[in-house]
Amino acid sequence: MLRAVNLHAGYRSGVPVLHGIDLDVGAGAALGVIGRNGAGKTCLAQTLTGALRAIDGSVLLGGDDVTAKDSRARVRARLSHVPEGRMIFADLSVQENLEVAAYGAGVKLGAAELRAVQERFPILERKAHDRAGSLSGGEQQWLAIGRALVQQPRAIVLDEPSLGLSPVAIDGLAEALVGIRQTGVALILMEQNPYLLKAVCDEVLLLDQGRVTRSLDGEAGEQLVAEAYFGG
Ligand SMILES: Nc1ncnc2c1ncn2[C@@H]1O[C@H](COP(=O)(O)OP(=O)(O)OP(=O)(O)O)[C@@H](O)[C@H]1O
Ligand SMILES: [Mg+2]
């Protein structure tokens, strides 16, 4: 569903961060990417979703080459991004945040569509009219994922969704992501939390200085951390 072929990218021209990334995640599958700080996870998330332009290589969504499309066009092609740091609109209400996200994807947010997201994350109903900035960190993460879900994505790229969450909230996050997978959405999860990767992903890529150095079974949680942080 979402593929990258020989992807090279960086934040500034002339300073490449990614040096030829290949990945492929099918509908209903989940691929993890683990790497220490500065490995290039966010650069990869942004290049997949179109916030950054690739220097070379391509991004394919459902077989269509979307490399030349900007982030807005990719959202409309059903590729959603849950960015690092959540990036919700703090001064809008929870429901307004969902409405803006759906609008950006060119999707109608009717009562049934709203209901579906609220059933997955009941807090988004209970606090529908609260200011989004008043939510706790965990609640804001549900909202960030809810924003992606109302866009009716075929694939979602999530950038460190566990950051700042309590262990209990991470359990809830794992459960929610597994549930989303089961609806047929493809997930790419940039993470440093091995428990979450193990709970959600079939396969995990080790990203080191902008290169994939290893691919491991998601079950190999402890090994992932050892290899990511201590080189094996
Ligand atoms: N806005 C930016 N402009 C220029 N260089 C950047 C920018 N953000 C990050 N970098 C550099 O790009 C490289 C990759 O960083 P990136 O943030 O993509 O990694 P990351 O794996 O997401 O790290 P983290 O775990 O800290 O979020 C690092 O060398 C970093 O210093
Ligand atoms: Mg990052």
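Here's a quick rundown of the structure.

Thresholds applied
- Residues numbered from 1 in each chain as written.
- Chains lettered and ligands numbered in written order.
- Predicted model: local features only at pLDDT ≥ 70, side-chain atom pairs only at ≥ 80, totals over all residues.
- Heavy atoms only, no water.
- Pairing = 2+ DSSP bridges.
- Helix = DSSP H or I, 4+ residues; strand = E, 2+ residues; numbered from the N terminus.
- Axes fitted to C-alpha atoms, helices over the stretch in contact; angles between N-to-C directions.
- Contact = heavy atoms within 4.5 Å.
- Buried < 20%, exposed > 50% of the residue type's maximum accessible area, 1.4 Å probe, protein only.
- Right-handed = clockwise from strand over helix to strand, strands pointing away.
- Parallel < 35°, antiparallel > 145°, perpendicular 65-115°, else oblique.
- Left-handed = near helix turned anticlockwise from the far one by under 90°.
- Nonpolar A, V, L, I, M, F, W, Y, C, P; charged D, E, K, R; others polar.
- Donors = N, O, S within 2.8 Å, 3.2 Å for Na, K, Ca; no water.
- Near = heavy atom within 4 Å.
- Polar contact = N/O pair within 3.5 Å; in protein donor to acceptor, adjacent residues only side chain to side chain.

What follows covers the sheet that holds strand β8 (residues 186–191). Judged by pairing direction, the sheet is mixed, and its six strands sit side by side in the order β6-β7-β8-β3-β9-β10 without closing on themselves. In this open sheet, the two strands that pair with only one neighbour each are β6 (79–82) and β10 (211–217). Between one strand axis and the next, the sheet turns by 20° as a mean value, whatever way the strands run. Across the sheet, helix α7 (residues 167–182) is in contact with β3 (30–34), β7 (155–159) and β8; its angle to β8 comes to roughly 155°.

Looking now at the sheet that holds strand β2 (residues 18–25). Taken in spatial order, the four strands make up an open sheet running β2-β1-β4-β5, and their pairing is antiparallel. Here the strands that pair on one side only, and so sit at the sheet edges, are β2 and β5 (64–65). Relative to strand β4 (residues 56–61), strand β1 (residues 2–9) runs antiparallel, the two being bridged by five bridges. The partner of histidine 8 across the bridge, within β4, is aspartate 56.

Bringing the pairing of β8 into the picture now. Burial analysis of β8 places six of its six residues in the buried class, which makes it a mostly covered element. Along β8, one buried face is formed by Ala186, Ile188 and Met190 and the opposite face, lined by Leu187, Leu189 and Glu191, is buried too. Here β3 runs beside β8; their pairing, made up of five bridges, is parallel. Residue pairing in the sheet places glycine 32 in a bridge with leucine 189 of β8. As judged from the five bridges shared by β7 and β8, these two strands associate in the parallel manner. From the neighbouring strand, alanine 155 faces β8, where its bridge partner is alanine 186. Where the polypeptide runs from β7 across α7 and back to β8, its parallel neighbour, the crossover connection is right-handed.

For the rest of this paragraph, the subject is the packing of helix α3 (residues 94–104) against helix α6 (residues 137–149). How two helices sit against one another is set out by the angle between their axes and by the gap between those axes. The contact between α3 and α6 brings their axes to 8 Å, and the two run at 30°. The pairing of α3 with α6 is recorded here as roughly parallel in orientation. For α3 against α6, the interelement crossing comes out right-handed. Facing Val94, Asn97, Leu98 and Ala101 of α3, the residues of α6 in contact are Leu143, Gly146 and Arg147. For the contact of α3 with α6, a count of residues per class yields four nonpolar, two polar and one charged.

The next point concerns the coordination of the magnesium ion (ligand 2). Six octahedral donors around a metal ideally sit at 90 or 180 degrees from one another, while four tetrahedral donors ideally sit at 109.5 degrees. Donor atoms from the polypeptide that bind the magnesium ion (ligand 2) are Thr42 (OG1) and Glu84 (OE), placed at 2.0 to 2.7 Å. Residue threonine 42 is found in helix α1 (residues 41–49), and its partner glutamate 84 is found in the loop between β6 and α3; the two are separated by 42 residues along the sequence. According to the relative accessible area criterion, glutamate 84 is partly exposed, its value standing at 32%.

This brings us to the site of ligand 1. Every one of the 14 residues lining ligand 1 counts as a neighbour, but Tyr11, Gly38, Lys41, Thr42 and Glu84 are closest to it. Asparagine 37 places a side-chain nitrogen or oxygen 3.0 Å from an oxygen atom of ligand 1. The separation between an oxygen atom of ligand 1 and a polar main-chain atom of glycine 38 is 2.8 Å. Counted by class, the shell around ligand 1 contains four nonpolar, five polar and five charged residues.

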